[in-house]
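Structure assessment
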Amino acid sequence: MAQNRKITLTEKEIPHQWYNIVADMPNKPLPPLHPGTGQPIGPEALAPLFPMALIQQEVTTDKWVDIPEEVRDVYTMWRPTPLYRARNLEKALDTPARIYYKYEGVSPSGSHKPNTAVPQAWYNKQEGVRRITTETGAGQWGSALSFACNLFGIDCEVYMVKISYQQKPYRKVMMQTWGAHVYASPTDLTEAGRKVLAQDPDSPGSLGIAISEAVERAAVDPDTKYALGSVLNHVLLHQTIIGQEALVQMEKAGDFPDVVIAPFGGGSNFAGIAFPFLRYKLEGKREVRCIAAEPASCPKLTRGVFRYDFGDTVGMTPLLPMYTLGHQFVPAPIHAGGLRYHGAGVIVSQLLKDGLIEASAHHQLEVFEAGVRFARAEGIIPAPEACHGIAAAIREANRCKEEGVSRTILFNLCGHGNFDMQAYDDYFAGKLVEHHLTDEDIAAALAKLDTPEIA
Ligand SMILES: *Cc1c(COP(=O)(O)O)cnc(C)c1O
């Protein structure tokens, strides 16, 4: 009998635990450093911004973390998510590879982000937090957090980069539909925003400015906390629900991936799908290659340095040991807004440094060609970010064809692109260009880094 195209699970089969890869890492992540003193900082430094439960998850070395029953119950609104065998794509590529994808676009906001927005909102609620602030660029994270806060009766305040607020109104309206307050940043509500506006009343804003505003709001109000949608350890932890489900689904399919692939912005959806499989490698049970697919115009993993750097562009956060292009690096304005981040999560960076995972870089035209090919074969129109993972999967499938071997490829389809039609329109109109970063460009960005080297 032919294998099912769609491999589903019941609600009962949703995993009860997140997987914490730190427990299995041969080299543990280095500590964050205080931006002023350069000394290692403890978890208590984060207390003004995050609830204690999330700070504990940030530093825990426990291998398994229980998913609270209430969170698991909310997950059932869209989880378990389907895993597909991409039979049509295999045929279109004429490859001997078996290709599977896990589809996270079935969540209410259309991406993997609610997997962490929901537990973050829930833990805040347990500790009596009344308001959560955050920043958002294109709006994927802001909409996920708005959805989650609404479920638990928490006020959500989103600082949206002004240029996106004006150019991408639909995600703003989604956030408002879920009851969030959305502000075009810079605003006159914060010291940070007023300072920018005094210098430039027409500032289009930036993610760095929006972060400053959201953090300031949380720092000055004891009832208000701040939330981040990627990079941090607890965010990566929550996302492992993706791979934990995929493990069970692959087992049902009678298969196990040789290669696991995901697009890479700060590392959360990559960690989410890859870490539960990478566990088998770290435990010495199975070989598996994990590939993080990044944009060639923001190549921190393939061309950056492993170094202490700030998490934000302004230089307010603790210093984190990570692959980075320097916090002042400004990537070209590609359509995959969610991947335009200068650095990478600390755990993922250490794994790359230790040769336990790989990275690949993709130009915008390869990325959209892959996305359109996928849409025509499998039907779903992928988010521009997700297209990076597809491009990497197609490269691997083509290698299988050249080598005449069949391998099993699993990738994460982290979101749909139904709000990204402008990007596809630009691609079809031939308006997308390849942004070629020279070694000089990268050296110039890295020369601005004045943070401590890693011995
Ligand atoms: C936010 C986002 C990303 C990038 O973030 P990661 O933390 O690297 O997963 C990728 N794809 C989509 C659809 C996103 O919303």
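Residues numbered from 1 in each chain as written. Predicted model: local features only at pLDDT ≥ 70, side-chain atom pairs only at ≥ 80, totals over all residues. Heavy atoms only, no water.

**Digging into the pairing of strand 6 (residues 131-136)**
- Burial analysis of strand 6 places 5 of its 6 residues in the buried class, the great majority of the element.
- Two elements, strand 6 and strand 7 (residues 155-161), share 6 bridges in a ladder whose sense is parallel. Note that in strand 7 the partner of Thr136 across the bridge is Met160.
- Crossover strand 6 to strand 7 through helix 5 (residues 140-151) is right-handed.
- Bridge analysis of strand 6 against strand 9 (residues 224-226) gives 3 bridges, and the strand direction is parallel. Of the residues in strand 9, the one forming a bridge with Arg131 is Thr224. (Buried < 20%, exposed > 50% of the residue type's maximum accessible area, 1.4 Å probe, protein only. Helix = DSSP H or I, 4+ residues; strand = E, 2+ residues; numbered from the N terminus. Pairing = 2+ DSSP bridges. Right-handed = clockwise from strand over helix to strand, strands pointing away.)

**Considering helix 4 (residues 114-126)**
- With 13 residues, helix 4 should reach 18 Å at 1.5 Å per residue; the first-to-last C-alpha distance of 18 Å fits that figure.
- Helix 4 sits mainly inside the fold: 11 of its 13 residues count as buried.
- Downstream of helix 4 by a residue or two, Gly128 has a phi angle that is positive, lying close to 80°. (Expected span 1.5 Å × (residues − 1).)

**With respect to unusual backbone geometry**
- Following Arg79, the chain continues to Pro80 via a peptide bond in cis, the omega torsion being -5°.
- Considering the arrangement of structural elements, one finds Pro80 in the loop between helix 2 (69-75) and strand 4 (83-85).
- Put simply, Ser185 and Pro186 share a cis peptide bond, and its omega is 10°.
- Along the chain, Pro186 turns up in the loop between strand 8 (181-185) and helix 8 (191-199).
- For Asp94, which is not glycine, the phi dihedral falls at a positive 50°.
- Mapped onto the fold, Asp94 is located in the loop between helix 3 (87-93) and strand 5 (98-103).
- Positive phi, close to 70°, is recorded for Val231, a residue that is not glycine.
- Within the secondary structure, Val231 sits in the loop between strand 9 and helix 10 (233-239).

**Quick word on the nonpolar core**
- In this structure, Trp18, Phe270, Phe275 and Leu351 are the most contacted members of the largest nonpolar core, which totals 72 residues.
- For this core, the element with the highest residue contribution is helix 12 (residues 268-282), accounting for 7 residues.
- The contacts of Phe275, once residues within four sequence positions are left out, are Tyr19, Ile21, Leu236, Thr240, Phe270, Ile347, Val348 and Leu351.
- With 29 residues, the next largest nonpolar core counts Ala97, Ile261, Ala377 and Ala383 among its residues. (Core = buried A, V, L, I, M, F, W, Y, C linked by side-chain atoms within 4.5 Å. Contact = heavy atoms within 4.5 Å.)

**Some thoughts on the site of the ligand**
- Lys113, Ser230, Gly265, Ser268 and Asn269 are the nearest of the 15 residues found near the ligand.
- A distance of 2.9 Å separates an oxygen atom of the ligand from a polar backbone atom of Gly267.
- Between the ligand and Asn269, the relevant distance is 2.8 Å, taken from an oxygen atom to a side-chain nitrogen or oxygen of the residue.
- Across the complex, the protein chains shield 97% of the 390 Å² of accessible surface that the ligand would expose by itself. (Near = heavy atom within 4 Å. Polar contact = N/O pair within 3.5 Å; in protein donor to acceptor, adjacent residues only side chain to side chain. Areas by Shrake-Rupley, 256 points an atom, 1.4 Å probe, with all protein chains shown as cover.)

On their own, these measurements won't tell you what the molecule is for.
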